[in-house]
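Below, each chain spelled out in residue letters.
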Amino acid sequence: MSALWPSGTCWAVSYGRKAGMIVCICGIPGSGKSAILECLKARLPEWRCFRYDDYRSSGPAFAELCEGRFRWSEVGCRELEENVRTHMDMGCDILLEDPRGKASKTLGRHIDLQVCVNCRPDIAVARKALEIQNRLGSDSAVGFLSCYLAGGYRSLDVYEREIRPLSDVDVDGTDDIERNVSRIVEVCSRRQPRLTTAST
């Protein structure tokens, strides 16, 4: 179990400062962000958890991807940001999976620790294609690969140029998940002394 401030604590707001910590997990599609986030949730059960993909419709988002419009869903971003801000104002510790990371014009300045999950593009694309096939079927997987070849690969350049340089912690998405998570928790503990975790 984690020894944290009581859930929903608000003492920070009373003194005009933030007590909670925001850790953001970034990486290209298929890098292994979600697997690391799920493991972090198990290690830090009292932290609030938000995923960018939970705030957008898979239909429109996938349509945008297939049409080569690699942009974020503004509606999804606004809802995500409102929920994160609400819990941030309560002084909650937050785990955030958002590919924009500190590059986000709204949430970026509030992120305390950006973790970049790095992975070779060929492995990441293969992982994502298999995930889409299992979730949406073969036609959707082929559509994903087609739009990647049609120009989607340019999003990798954006990640390397605008997002990865802002990283506080880099982990290898093909490395052991538990080892990666232990490293992240260790860094969190150094930055937030009140955080302690039971040995695993």
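Residues numbered from 1 in each chain as written. Predicted model: local features only at pLDDT ≥ 70, side-chain atom pairs only at ≥ 80, totals over all residues. Heavy atoms only, no water.

Caption draft 1: Representation of helix H5 (residues 121–136) within the structure. The end-to-end C-alpha separation of H5 is 22 Å, in line with the 22 Å expected for 16 residues at 1.5 Å each. Among the residues of H5, those classed as buried are Ala124, Val125, Lys128, Ala129 and Ile132. All buried residues of H5 fall inside an arc of 130° around its axis, so they share one side. Exposed residues on H5 whose side chains face more than 90 degrees from its buried face are Leu130 and Asn134. (Helix = DSSP H or I, 4+ residues; strand = E, 2+ residues; numbered from the N terminus. Expected span 1.5 Å × (residues − 1). Buried < 20%, exposed > 50% of the residue type's maximum accessible area, 1.4 Å probe, protein only. Arc of directions from axis to C-beta.)

Caption draft 2: Region of interest: the packing of helix H6 (residues 138–152) against helix H7 (residues 154–163). Look at H6 against H7: their axes get within 7 Å of each other, and the N-to-C directions meet at 65°. Across the interface between the two elements, Tyr148, Ala150, Gly151 and Gly152 from H6 touch Arg154, Ser155 and Leu156 from H7. Its residues assigned to classes, the contact of H6 with H7 shows three nonpolar, three polar and one charged. (Axes fitted to C-alpha atoms, helices over the stretch in contact; angles between N-to-C directions. Contact = heavy atoms within 4.5 Å. Nonpolar A, V, L, I, M, F, W, Y, C, P; charged D, E, K, R; others polar.)

Caption draft 3: Fine view of the pairing of strand S6 (residues 169–172). Residues Val169 and Val171 point to one face of S6 and are all buried, whereas Asp170 and Asp172, pointing to the other face, are not buried. Across four bridges, the pairing between strand S5 (residues 113–118) and S6 is parallel. Residue pairing for S6: Asn118 is matched across the bridge by Asp172. (Pairing = 2+ DSSP bridges.)

Caption draft 4: Main features of the pairing of S5. By the criterion of burial, S5 is predominantly enclosed, with six of the six residues buried. Side chains Leu113, Val115 and Val117 project from S5 onto one buried face, and the interleaved Gln114, Cys116 and Asn118 project onto a second face that is buried too. The pairing of strand S2 (residues 22–26) with S5 spans four bridges and is classified as parallel. When the sheet's bridge partners are listed, Ile25 is paired in S5 with Val115.

Caption draft 5: Examining the confidence of the model for the chain more closely. Across the chain, pLDDT averages 78, with 76% of residues at or above 70. This model gives residues 196–200 a pLDDT under 50, and the stretch forms 10 contacts once residues within four places in sequence are excluded. (pLDDT = per-residue confidence, 0-100.)

Caption draft 6: Highlighting the packing of helix H2 (residues 33–43) against helix H8 (residues 177–191). Remark: H2 packs on H8, axes separated minimally by 10 Å, with the N-to-C direction vectors making an angle of 60°. Considering their axes alone, H2 and H8 lie oblique with respect to each other. When you trace H2 past H8, the crossing you get is right-handed. Taking contact as the criterion, the partners of Ala35, Ile36, Cys39, Leu40 and Arg43 in H2 are, on H8, Ile177, Glu178, Asn180, Val181, Ser182, Ile184 and Val185. Residue classes in the contact of H2 with H8 are distributed as eight nonpolar, two polar and two charged. (Parallel < 35°, antiparallel > 145°, perpendicular 65-115°, else oblique. Left-handed = near helix turned anticlockwise from the far one by under 90°.)

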